[in-house]
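# Structural characterization, general
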Amino acid sequence: MVAAGAPASATEGTRASTKLLYFDHMWTLQATATVVSVITEGERVAVVLDQTILYPQGGGQPFDTGFIEALDGPIKFRVTDVRAKSGVVYHYGNYDENTQTKVASYKPGDGVKIVVDGTRRTLNSRLHSAGHLLDACMRNAGLETLEPGKGHHFPDSPYVEYKGVIPSKDLENKRGALESEVNRLVTLGGQVRAMIVPYSEAAALCGGSLPDYVAKDSCPRIVCLGEHPGCPCGGTHVSEISEIGEVKVTQIRVKKGVSKVSYNLADSVA
């Protein structure tokens, strides 16, 4: 997972990494945590916790929003942005207007409850899973020679890219073939699993090899949709493939040796 948004005024030295609860509990929308620190960056406030269920933007997936609420007091912090740097997650936002006059801020050691905006998380997870499922459709659509590249799973313009060229005369046929195949797989369904495993086991789950950016001495997190080959991924996903819903492959464009497959969810298209 790659995430941006470094805090400019973190002056407390090296912090311990934030435990990412969604790695093992992608479908849990509430959790408890302990405040590590509160950082002020000009007009922005960031709360750092020892663990979080809120997803920080990165890996082609947008950040979660939600609340951080005191366990034993009136404080409620509205999270409007989540970023990560060097393993530390920063929850940006504002204290709720109903509570900010009663107490100045959280303090290190305060116990809190984290609540995720479930509507936003569900949409982002469905889009991310749809992007992964399109990867599994490439062979059956006769596009197995194309190499998966980056994905962008944002609601405004989701797409997945592949290194390789689809001839212009075949673009519409391949678009239709991909759309038919991805919806066939959605109808078939299948369990979605995420696991952190040794490199050799991860490679086996991903069809025998891993991308070069995965260190050979690491234990990567692999996401598997049904019985399809897995993929290294730090994001959140649906629990069952059928939850993705109908997928529209809206366009395929080819530029500079890269084929860009744009898609969306049928219930998200105006």
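About the cut-offs
Residues numbered from 1 in each chain as written. Predicted model: local features only at pLDDT ≥ 70, side-chain atom pairs only at ≥ 80, totals over all residues. Heavy atoms only, no water. Helix = DSSP H or I, 4+ residues; strand = E, 2+ residues; numbered from the N terminus. Contact = heavy atoms within 4.5 Å. pLDDT = per-residue confidence, 0-100. Pairing = 2+ DSSP bridges. Axes fitted to C-alpha atoms, helices over the stretch in contact; angles between N-to-C directions. Buried < 20%, exposed > 50% of the residue type's maximum accessible area, 1.4 Å probe, protein only. Phe/Tyr/Trp six-rings, centres within 6.5 Å; stacked < 30°, edge-to-face > 60°. Lys NZ or Arg CZ within 6 Å of the ring centre and 35° of its normal. Salt bridge = Lys/Arg side-chain N within 4 Å of Asp/Glu carboxyl O. Parallel < 35°, antiparallel > 145°, perpendicular 65-115°, else oblique. Left-handed = near helix turned anticlockwise from the far one by under 90°. Nonpolar A, V, L, I, M, F, W, Y, C, P; charged D, E, K, R; others polar. Patch = residues over 30% accessible without salt bridge, like charges linked within 9 Å, V, L, I, M, F, W, Y side chains within 5 Å. Areas by Shrake-Rupley, 256 points an atom, 1.4 Å probe, with all protein chains shown as cover. Lys, Arg positive; Asp, Glu negative; His and termini not counted. Charge placed at Lys NZ, Arg CZ, Asp CG, Glu CD. 1 Å grid on protein atoms, 1.4 Å probe; cavity = no way out; pocket = protein on both sides within 12 Å on 5 of 7 lines; lining within 4 Å. Points joined across faces, edges and corners; volume = space filled by probe spheres on them. Core = buried A, V, L, I, M, F, W, Y, C linked by side-chain atoms within 4.5 Å.

## Comments concerning the environment of Thr80
Mapped onto the secondary structure, Thr80 falls in strand S6 (residues 76-85). Each C-alpha atom, one on Thr80 and one on Asp267, is 25 Å from the other, the two residues being 187 residues apart in sequence. With residues up to four places along the chain from it excluded, the contact list for Thr80 reads Phe63, Thr65, Tyr92 and Gly93.

## Quick notes on the confidence of the model for the protein
Per-chain confidence: the protein averages 90 in pLDDT, with 91% of residues scoring 70 or above. For the protein, strand S9 (residues 147-152) is the element with the lowest average pLDDT, namely 93, and strand S4 (residues 51-52) is the one with the highest, namely 98. Under a pLDDT of 50 for its full length, residues 1-13 has, in the predicted model, 29 contacts with residues more than four places off or in other chains.

## Observations concerning the sheet that holds S6
Spatially, S2-S3-S7-S6-S5-S8 is the arrangement adopted by the six strands of the closed barrel, whose pairing is antiparallel. Strand-to-strand twist across the sheet, computed as the mean angle between neighbouring axes with direction ignored, equals 45 degrees. As paired strands, strand S2 (residues 30-41) and strand S3 (residues 44-49) are joined by six bridges and run antiparallel to one another. Directly across from Ile39, in S3, lies its bridge partner Ala46.

## Things to note about the pairing of strand S12 (residues 221-225)
Summarising burial for S12: five of the five residues are buried, a large majority. Burial along S12 is two-sided: the residues Arg221, Val223 and Leu225 and Ile222 and Cys224 are all buried. Strand direction decides the pairing type here: strand S11 (residues 192-196) and S12, joined by five bridges, are antiparallel. The residue bridging Val192 from the neighbouring strand is Leu225, located in S12.

## Observations concerning the packing of aromatic side chains
Describing an aromatic ring pair means giving the distance of the ring centres and the angle of the ring planes. Taken as a whole, this structure holds four aromatic pairs when the rule is applied. Aromatic side chains Tyr95 and Tyr106 sit 5.8 Å apart centroid to centroid with 55 degrees between the ring planes, which places their arrangement in the tilted category. Here Tyr95, found in strand S7 (residues 88-95), pairs with Tyr106, found in the loop between S7 and strand S8 (111-116); they are 11 residues apart in sequence, far enough to count as distant. You'll find Tyr95 and Tyr106 in the same group, each marked buried. In this structure, Arg120 is placed above the aromatic ring of Phe63, and the distance from its NZ or CZ to the ring centre is 4.6 Å. Sitting over the ring of Phe23, Arg221 keeps its end group 4.6 Å from the ring centre.

## Some thoughts on the pattern of salt bridges
All chains considered together, the criterion is met by 11 salt bridges. Residues joined by salt bridges that share partners form a network here, namely Arg44, Asp81 and Arg83.

## Details of the packing of helix H1 (residues 118-137) against helix H2 (residues 171-188)
Two packed helices can be described by the angle between their axes and the distance between those axes. One can describe the packing of H1 onto H2 by two numbers: an axis separation of 9 Å at closest approach and a directional angle of 110 degrees. Considering the angle they form, H1 stands roughly perpendicular to H2. Helix-helix and strand crossings are classified by hand; for H1 and H2 the assignment is right-handed. Where H1 abuts H2, its residues Leu133, Leu134, Ala136 and Cys137 lie against Leu178, Glu181, Val182, Leu185 and Val186. Class assignment of the residues belonging to the contact of H1 with H2 gives a composition of eight nonpolar, no polar and one charged.

## Notes on a positive patch on the surface
Taken together, Lys150, Arg253, Lys255, Lys256 and Lys260 make up a surface patch of like positive charges. Within the fold, Lys260 resides in strand S15 (residues 258-265). Given the relative accessible area of 31%, Lys260 is considered partly exposed.

## Here's the deal with the layout of surface pockets
Size it by volume and the largest pocket reaches roughly 1,600 Å³. Forming the boundary of the largest pocket are 49 residues, of which Asp135, Pro148, Pro211, Cys231 and Pro232 lie nearest the centre. Listed by contribution, the elements that provide at least two residues to the lining of the largest pocket are H1, S9, strand S10 (159-163), S12 and strand S13 (231-232). The greatest single-element share of the lining of the largest pocket, amounting to six residues, is contributed by H1. Taken together, the residues of the lining of the largest pocket sort by class into 27 nonpolar, 14 polar and eight charged.

## So, the nonpolar core
Across soluble globular proteins, you tend to see nonpolar side chains buried next to one another. The biggest cluster of nonpolar side chains holds 30 residues, and the ones touching the most others in it are Leu133, Leu178, Ile244 and Val247. Excluding residues that lie within four positions of it along the chain, Leu133 makes contacts with Val182, Leu185, Val186, Leu225, His228, Ile241 and Ile244. Among the nonpolar cores identified, the runner-up in size contains 27 residues, and Leu21, Val47, Leu49 and Leu54 belong to it.

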